[in-house]
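The primary structure of each chain is shown beneath.
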Number of protein chains: 2
Amino acid sequence: MEVIKTVGVVGAGVIGASWTALFLYKGFKVNVYDPYPIDEAVFKKRISANLNDLLALDQNAEHSYSPQDVLLHLEIFNHLKDAVSDVDFIQENAPERLDVKQQLYQEITAYCPEHTIIASSSSGLKVSDFQKEALHPERILLGHPFNPPHLLPLVEIVGGNLTDPQILKQASEFYKQLGKNPIVLNKEVKGHVANRLQAALWREAFSLVEQGVCSAEDVDGAITSGPGLRWALFGPYINMQLANQKGFKEAIHHLGPPMTEWWNDMHAFQHSDETTELLEAQTNQLLTQYKDIDLYETRDKGLVDILKLRQQLKLD
Amino acid sequence: MEVIKTVGVVGAGVIGASWTALFLYKGFKVNVYDPYPIDEAVFKKRISANLNDLLALDQNAEHSYSPQDVLLHLEIFNHLKDAVSDVDFIQENAPERLDVKQQLYQEITAYCPEHTIIASSSSGLKVSDFQKEALHPERILLGHPFNPPHLLPLVEIVGGNLTDPQILKQASEFYKQLGKNPIVLNKEVKGHVANRLQAALWREAFSLVEQGVCSAEDVDGAITSGPGLRWALFGPYINMQLANQKGFKEAIHHLGPPMTEWWNDMHAFQHSDETTELLEAQTNQLLTQYKDIDLYETRDKGLVDILKLRQQLKLD
């Protein structure tokens with residue numbers, strides 16, 4: 001594996017800007033490309049805000065250089081070829097359209113060096129479906145982050161049918177070097193892992209409101225006053241373990257039968273114009289609670305604080 | 001509504017001990033009853049630990065009396081009749097068996113004063129199914145907490161067919177007075193709201209491991225490095241709002257179609273001896289990560305810290 005020095009970021013939206021900040025903060029040179037002209041002032045402002053989050057999170061403060069210094073290692077390109085011709089790792093954040101990705105990967109692999117590892121941030125598409133026509137399909141993998149990528153440690157890694165397993169290991173090592181928590185899936189599934197888990201929760205969250213059981217405000221309150229607080233500390237398996245003093249099997253013995261009844265009682269919610277109207281109206285009602293705070297700022301400040309807390313509790 | 005001065009706690013397991021600590025901490029006299037003899041030393045030790053959590057959480061420190069002082073207001077009874085004959089509010093935490101609850105509510109309402117409000121901690125049963133034969137069904141409601149009840153703010157409130165709507169309001173006020181965040185459901189459903197949301201997540205968490213997509217360790221890592229961190233701050237509706245800079249409707253417009261594909265791809269996991277064996281083995285493997293920490297202590301310390309953080313962020 002070549003030493004990674006320069007990273008290409010393809011796609012400079014919110015996700016691309018977040019990745020760019022992380023790569024810069026960790027000391028890499030970053031080449032950024034987007035098919036639409038990038039407003040450099042706006043982009044750099046976003047990067048600077050992300051860098052400040054990373055500084056706030058960094059207990060060691062070993063990377064205590066200023067955002068200004070770090071930004072010197074950022075270069076913005078108007079042509080894909082120029083952006084990727086000498087990079088060692090590419091993080092692709094293009095729109096979630098199969099035809100777009102298929103075309104893009106053909107171009108990327110035609111222009112980038114042979115050793116370059118190419119990771120896709122795709123939240124739902126399978127690498128197998130867009131690597132086939134590429135020149136070097138074996139170097140293409142999924143490296144799916146969670147929003148905002150500069151803060152949330154999760155990266156989901158999985159190869160397509162043609163991906164070299166060694167590349168998955170190298171990518172995993174690289175993400176660890178960035179301070180991420182990569183998980184390597186055994187096989188490709190639609191939506192990977194975290195988005196499927198999240199979608200399962202959303203389905204019942206939407207269904208309960210559609211069925212008139214409670215409001216969107218109640219659903220959000222139920223999560224943030226209840227299980228959501230625990231999920232920041234432990235996942236579903238450890239939470240099940242803790243649900244019974246005698247452990248996991250006994251917890252399933254007690255909770256399994258009623259849980260099965262709840263599962264059987266759940267509706268298979270489907271989106272429609274009507275449900276979107278209803279759920280949006282309920283969300284707008286809920287938003288009035290938050291009119292005095294900036295939601296994005298509050299989320300990112302909260303994430304930094306919870307990540308620090310997890311370090312103190314020796315959970316990370 | 002009579003002023004609530006004395007609270008009866010029926011059922012002195014982990015949930016009962018947690019409620020007891022909260023009622024004591026908030027200045028109420030508490031009468032505790034359990035059909036099995038209560039080991040007073042063990043019970044009081046548990047209460048003291050819970051009281052220390054509450055002290056740690058209390059920013060105002062207005063309740064700065066010692067656990068010893070507070071415990072003077074605790075009385076343990078061997079007979080249900082003696083325990084509930086002069087209480088103003090009852091929190092019932094009996095086993096989750098319909099026949100047990102039906103019998104118990106007949107007895108409670110035969111012994112307690114006519115004005116007493118009686119709330120059930122039942123996690124899955126419907127009040128309508130166990131209030132019918134009681135002497136005062138109109139005073140019985142669901143008041144479902146989330147574990148651990150002395151820390152997690154959520155209380156789910158809903159009446160049965162025979163419950164007086166005024167009682168729901170009074171119970172909601174009482175829980176607010178205790179510092180809880182009660183949500184009042186519009187109608188009874190199996191598992192209420194939070195347990196259904198949690199069960200939806202568990203179903204996919206179990207299914208992904210059963211299907212061999214990833215390990216239990218990966219699932220838990222995906223949550224605690226990803227969406228779990230956000231759910232401690234915002235629920236599913238606000239998270240969807242934040243998923244797109246243009247708001248909820250635009251987020252659904254983009255995420256709805258792939259999400260529907262993920263839903264359609266999900267398996268309807270069912271518990272069996274084989275799945276329990278598999279998932280327990282995976283959980284045991286995961287537990288080796290945590291061998292140096294006390295999971296319950298870490299969870300409760302973490303919950304106190306996250307609740308404080310939410311106050312600082314003006315989210316509660």
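Residues numbered from 1 in each chain as written. Chains lettered and ligands numbered in written order. Predicted model: local features only at pLDDT ≥ 70, side-chain atom pairs only at ≥ 80, totals over all residues. Heavy atoms only, no water.

Per an unreviewed UniProt entry, chain A is named L-gulonate 3-dehydrogenase, and its organism is Acinetobacter pittii. Taken from UniProt, the Subcellular location (unreviewed entry) comment for chain A reads in full: "Cytoplasm". UniProt, in the comment section headed Subunit (unreviewed entry), describes chain A in these words: "Homodimer." (UniProt positions renumbered as here; feature names shortened; annotations may be inferred.)

## Remarks on the interface of chain A and chain B
Reports often express the size of an interface as the amount of accessible area lost when the parts come together. Contact with chain A, which involves 105 residues of that partner, is made by 105 residues of chain B. Per-residue buried area on chain A facing chain B is highest for Tyr237, Trp262 and Trp263 of chain A; these three make up 8% of the total on that side. Summed over the shared surface of chain A and chain B, the result is 10 salt bridges. For Glu261 of chain B, the salt bridge goes to Lys190 of chain A, with nearest N and O atoms at 3.3 Å. Broken down by secondary-structure element, the contributors of at least two residues to the side of chain A that touches chain B are strand E8 (181-184), helix H8 (194-210), helix H9 (216-224), helix H10 (227-231), helix H11 (236-242), helix H12 (248-265), helix H13 (273-287) and helix H14 (295-312) of chain A. Looking at the side of chain A that touches chain B, its residues break down into 58 nonpolar, 30 polar and 17 charged. (Contact = heavy atoms within 4.5 Å. Buried area = accessible area lost by both parts, 1.4 Å probe. Salt bridge = Lys/Arg side-chain N within 4 Å of Asp/Glu carboxyl O. Helix = DSSP H or I, 4+ residues; strand = E, 2+ residues; numbered from the N terminus. Nonpolar A, V, L, I, M, F, W, Y, C, P; charged D, E, K, R; others polar.)

## A look at the packing of aromatic side chains
All told, the structure shown has 29 aromatic pairs over all chains when counted by the stated rule. Between the aromatic rings of Phe174 of chain B and Tyr175 of chain B, the centroid separation amounts to 6.1 Å while the plane-to-plane angle is 45 degrees, which identifies the pairing as tilted. Overall, Phe174 of chain B belongs to the buried group, its relative accessible area being 1%. Ring geometry for Phe206 of chain B and Phe269 of chain B: centres 5.5 Å apart, planes at 55 degrees, overall tilted. Placement of Phe206 of chain B in helix H8 (residues 194-210) and of Phe269 of chain B in the loop between helix H12 (248-265) and helix H13 (273-287) is noted, with a sequence separation of 63 residues between them. Accessibility expressed as a relative area gives 0% for Phe206 of chain B, which makes it buried. Its relative accessible area of 1% is what places Phe269 of chain B among the buried residues. Taken together, Trp19, Phe23, Phe28, Phe89, Phe174 and Tyr175 of chain A form an aromatic cluster joined through their ring pairs. (Phe/Tyr/Trp six-rings, centres within 6.5 Å; stacked < 30°, edge-to-face > 60°. Buried < 20%, exposed > 50% of the residue type's maximum accessible area, 1.4 Å probe, protein only.)

## Here's the deal with the sheet that holds strand E5 (residues 117-120) of chain B
Residue and element names in this part refer to chain B. Strand order in the open sheet formed by eight strands is E3-E2-E1-E4-E5-E6-E7-E8, and the pairing between neighbours is mixed. Bordering the open sheet on either side are strand E3 (74-77) and strand E8 (181-184), each of which pairs with just one other strand. Looking at each pair of strands side by side, their axes are set apart by 25 degrees on average, direction ignored. In this sheet, strand E7 (residues 154-159) lies alongside strand E6 (residues 140-145) in antiparallel orientation, the contact comprising five bridges. When the sheet's bridge partners are listed, Pro145 is paired in E7 with Val155. (Pairing = 2+ DSSP bridges. Axes fitted to C-alpha atoms, helices over the stretch in contact; angles between N-to-C directions.)

## Notes on the UniProt feature "transmembrane region" (unreviewed entry) in chain A
UniProt feature "transmembrane region" (unreviewed entry): in the numbering of this structure it lies at residues 6-25 of chain A. The span residues 6-25 of chain A shows a helical share of 60% and a strand share of 25%, and its end C-alpha atoms are spaced 13 Å apart.

## What to know about the relation of the copies chain A and chain B
At an RMSD of 0.0 Å, chain A and chain B line up after a rotation of 180 degrees and a shift of 0.0 Å along the axis. As the rotation angle and translation indicate, the two copies are arranged about a two-fold axis. The share of interface residues of chain A whose copies in chain B are also at the interface is 100%, consistent with both copies meeting through the same surface. (Least-squares fit on C-alpha atoms with pLDDT ≥ 70 in both.)

## Quick word on the environment of Gln211 of chain B
Assignment of secondary structure puts Gln211 of chain B in the loop between H8 and helix H9 (216-224). Considering only alpha carbons, one finds Gln211 of chain B and Phe269 of chain B, 58 residues apart in sequence, at a separation of 9.6 Å. Here Gln211 of chain B is in contact with Lys187 of chain A together with His267 of chain B, once residues within four sequence places are set aside.

## Focus on H9 of chain B
The buried fraction of H9 of chain B amounts to eight of the nine residues, a majority that puts the element mostly inside the structure. Inspection of H9 of chain B places Ala216, Asp218, Val219, Asp220, Gly221, Ala222, Ile223 and Thr224 of chain B among the buried residues, and these make up the whole buried set.

## Things to note about the packing of H8 of chain A against H12 of chain B
With their axes 10 Å apart at the nearest point, H8 of chain A and H12 of chain B run at an angle of 110 degrees to one another. Relative to H12 of chain B, H8 of chain A is oriented roughly perpendicular. Of the residues in H12 of chain B, those touching H8 of chain A at Asn195, Arg196, Ala199, Ala200, Trp202, Arg203 and Phe206 of chain A are Phe248, Ile252, Leu255, Met259, Trp262, Trp263 and Asp265 of chain B. Of the residues in the contact of H8 of chain A with H12 of chain B, the class split is 10 nonpolar, one polar and three charged. (Parallel < 35°, antiparallel > 145°, perpendicular 65-115°, else oblique.)

## A closer look at the pattern of salt bridges
Side chains carrying opposite charge are able to pair once their charged atoms draw close together. All names here are of chain A. Inspection of the entire model under this criterion finds 28 salt bridges over all chains. Two residues, Lys29 and Glu75, come together in a salt bridge whose shortest N-O distance is 3.3 Å. Separated by 46 residues along the polypeptide, Lys29 in strand E2 (residues 29-33) and Glu75 in strand E3 (residues 74-77) bring together distant segments of the chain. Assessed through its relative accessible area of 38%, Glu75 is described here as partly exposed. We note a salt bridge from Asp300 to Arg299, for which the minimum N-O separation is 3.0 Å. Residue Asp300 is classed as buried on the basis of its relative accessible area, which comes to 12%.

## What about the nonpolar core?
In this structure, Phe206 and Tyr237 of chain A together with Phe206 and Tyr237 of chain B are the most contacted members of the largest nonpolar core, which totals 150 residues. Contacts of Phe206 of chain B, omitting those with residues within four sequence positions, involve Tyr237, Met240, Phe248, Ile252, Met259 and Trp263 of chain A together with Phe269, His271 and Leu279 of chain B. (Core = buried A, V, L, I, M, F, W, Y, C linked by side-chain atoms within 4.5 Å.)

## What to know about H13 of chain A
A rise of 1.5 Å per residue sets the reference length of H13 of chain A, with its 15 residues, at 21 Å; its end C-alpha atoms lie 21 Å apart and thus fit the reference within 8%. Where H13 of chain A is concerned, the buried positions are Thr275, Thr276, Leu279, Glu280, Thr283, Leu286 and Leu287 of chain A. Axial view of H13 of chain A: buried residues confined to an arc of 125 degrees, hence all on one face. For H13 of chain A, the exposed residues set more than 90 degrees away from the buried face come down to Asp273, Glu274 and Gln285 of chain A. Elements that come into contact with the buried residues of H13 of chain A comprise H8, H9 and H14 of chain A together with helix H11 (236-242) and H12 of chain B. (Expected span 1.5 Å × (residues − 1). Arc of directions from axis to C-beta.)

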